[in-house]
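A closer look at the structure
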Amino acid sequence: MRRVGVILDDFDPFRFDHLNLANAAKEAHGLEKLIFVPLPLPEKKEKSQNHARIDQRYRMCMIGLMGQNSMEMIPYGLVYQAESALSLIRKIRRAYTDAKCFFILSAQALLRLASQPQFKGVRDSAFICWRTPDFKADDILSALMREGLDISVADVPGGLMADRDCRRQIAALVDPDWMDRREIAYIASEGAYLPDGKKQLKKMLTTHRWEHSLGVQQVSIRLALTYGGNILKVSQAALYHDCAKCMTVKEMRRIAEAHHLTASAEVLHSGALLHGPVGAVIAKEQFSVTDAEVLDAIRFHTTGRENMTLTDLIVFMADAIEPNREDYDGLERIRALSRVSLRDAALCSLYTTKKFVSSRGREYDEQGLKTIAWLEGTLNEQEKEWMKDIAKPI
Ligand SMILES: [Fe+2]
Ligand SMILES: [Fe+2]
């Protein structure tokens, strides 16, 4: 008879720990196949921003299982959302009559199931359970084993992180190294586990600006994947980068003066220059963004700055090249460059803006000039030659 492991968990979120657990169970029990079943959460949690929805957890699981041999998902938790875990176990047993199923779940989850009257219908199943650091009911587990339940304990090398700690790290925008980066990109794009500011932000922007912001977010996530940036940080900075853009200059000026953002009369009278620094204030005060790196990327997204961080550079570039951008001279060249060098693309983008501002008979912003000087200072002699050539037509 085939031996199949069925992992039942919240997977909130899915992470490498779950693969380690699956492999440990596979090895210890000679399992041929592992089936992952994300379970629906209680309704209140399912709707809470601190948790991911069942469809999102399925998607995360799917991403996490990409390229894994003999591991797959079945959609029972998604299709039978209203049903209990015990009911799902019964359904899975019926669907795999030709196999011996080993139900793999946390010790807490097993004890919860075992305390329900309907458990008697599945008590002849084989169970493999793992203990989380806060598990304190070894005596109950042993008692169930003495009663004849087929329970093995899986010890995962290095132990499992607590779900709550994973969610907290994501909410704090810590770049998780315990999860596939494609999954982080999905989480960032969905805004799962993060404060939900999208509805409020949409109300503050025109349709055009809203679509641009979403475009910048998607491109930022892609660039962070390419260049190894913090996906969660760039995604947040990109989403809110233009949050002040649709305010009147008068309103921006009021906020700038109240927060002593600048003493420059020129900046105080320019919406183009003010909306970055004012946006950082709005992001902090109205959207609860507290991360300094994210706030800086918002603050300097139009002009850049000396010693730009990778987060700054990614948001700056995504702003210039996102797909909804109206065409401008040099756009395709800048897009092409952004695939191989953020610095070169940023320089070309700044040259373009400088040229545009000069063509209108205005002085280019002082901060923008400093950024250009800083970026040029990082070029070696050969790169300076290339750059002259590349930037010439722009
Ligand atoms: Fe902007
Ligand atoms: Fe923008």
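Structure shown above.
This text gives an overview of the structure that appears in the document. Since the structure is predicted, the reported quantities are computational estimates derived from the model, not experimental observations. (Residues numbered from 1 in each chain as written. Chains lettered and ligands numbered in written order. Predicted model: local features only at pLDDT ≥ 70, side-chain atom pairs only at ≥ 80, totals over all residues.)

A look at the overall build of the protein chain
Within the protein chain, the regular secondary structure consists of 21 helices and six strands. Dimensions of the protein chain along its principal axes, counting C-alpha atoms only, are 85 × 45 × 30 Å. Put simply, the protein chain has 394 residues, and 38% of those count as buried. For the protein chain, the proportion of contacts with a sequence separation of at least 24, taken over those separated by at least 6, is 68%. (Helix = DSSP H or I, 4+ residues; strand = E, 2+ residues; numbered from the N terminus. Buried ≥ 20, exposed ≤ 12 C-beta atoms within 10 Å, placed from the backbone. Contact = placed C-beta atoms within 7 Å.)

Structural notes on the environment of I372
With respect to the element layout, I372 can be found in helix α20 (residues 366-377). Taking C-alpha positions, I372 is 8.5 Å from R305, a pair spaced 67 residues apart along the chain. The contact partners of I372, leaving out residues within four places of it in the chain, are L347 and L350.

Description of the sheet that holds strand β1 (residues 2-9)
Read across the open sheet, the six strands follow the order β3-β2-β1-β4-β5-β6; overall the sheet is parallel. Every interior strand has two partners, whereas the edge strands, β3 (71-73) and β6 (150-153), have only one. This sheet shows a mean twist of 25° between the axes of neighbouring strands, independent of strand direction. In this structure, β1 lies alongside strand β2 (residues 33-38), joined through six bridges in parallel fashion. (Pairing = 2+ DSSP bridges. Axes fitted to C-alpha atoms, helices over the stretch in contact; angles between N-to-C directions.)

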